[in-house]
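# Examination of the molecular architecture
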Amino acid sequence: MSVKNVLLIVLVLANMLLVTGLVLQMTAPQTAMAQRGPGGAVNYAVVAARMERGEDAVWILDLGNRKLYSYRLPQGNDRVMKFIGVRDVGTDLRNK
């Protein structure tokens, strides 16, 4: 066997090892990191979904102030998000 063939075999084996590692990394289950933590940026949760009328909307939950803001996303040529409303989550979740 020549030096070129040995080098080619080593490179092919190294590539196979790297591809195997990449596949194992991509298929490993990931831990969810959705818990509230310290700091200002993590005091918000944002969810986008389709409303019953077929329009897209985004809901922003401000955990610090316990408020839920809702906005309708731009439709068609419209380029501005429309404010739908705000709810006080603390009041809504209190026992009656």
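Residues numbered from 1 in each chain as written. Predicted model: local features only at pLDDT ≥ 70, side-chain atom pairs only at ≥ 80, totals over all residues. Heavy atoms only, no water.

What follows deals with the overall build of the protein chain. A tally of regular secondary structure across the protein chain gives 2 helices and 4 strands. Start at the N end of the protein chain and walk to the C end: the helices and strands fall as α-β-β-β-β-α. In the protein chain, which comprises 96 residues, the share counted as buried stands at 10%. A sequence separation of at least 24 residues applies to 7% of the contacts in the protein chain between residues at least 6 apart. (Helix = DSSP H or I, 4+ residues; strand = E, 2+ residues; numbered from the N terminus. Buried < 20%, exposed > 50% of the residue type's maximum accessible area, 1.4 Å probe, protein only. Contact = heavy atoms within 4.5 Å.)

Before going further, it helps to spend a moment on the pairing of strand β3 (residues 67–72). By the bridge criterion, 6 bridges tie strand β2 (residues 56–62) to β3 in an arrangement that is antiparallel. Within β3, the position partnered with Ala57 by the bridge is Arg72. Hairpin connection from β2 to β3: 4 residues lie between these consecutive antiparallel strands, with Arg66 at a positive phi of about 55 degrees. In the sheet, β3 pairs with strand β4 (residues 82–88) via 6 bridges, with the strands oriented antiparallel. Across the sheet, residue Lys67 finds its bridge partner in β4, namely Asp88. (Pairing = 2+ DSSP bridges.)

Quick look at the sheet that holds β4 now. Sheets are built from strands paired through backbone hydrogen bonds, the pairs being either parallel or antiparallel. Spatial ordering of the open sheet is given by β1-β2-β3-β4, a layout of 4 strands whose pairing is antiparallel. Edge positions in the sheet fall to β1 (44–50) and β4, since each has one partner strand and no second. For this sheet the average axis-to-axis angle between neighbouring strands, irrespective of direction, equals 20 degrees. (Axes fitted to C-alpha atoms, helices over the stretch in contact; angles between N-to-C directions.)

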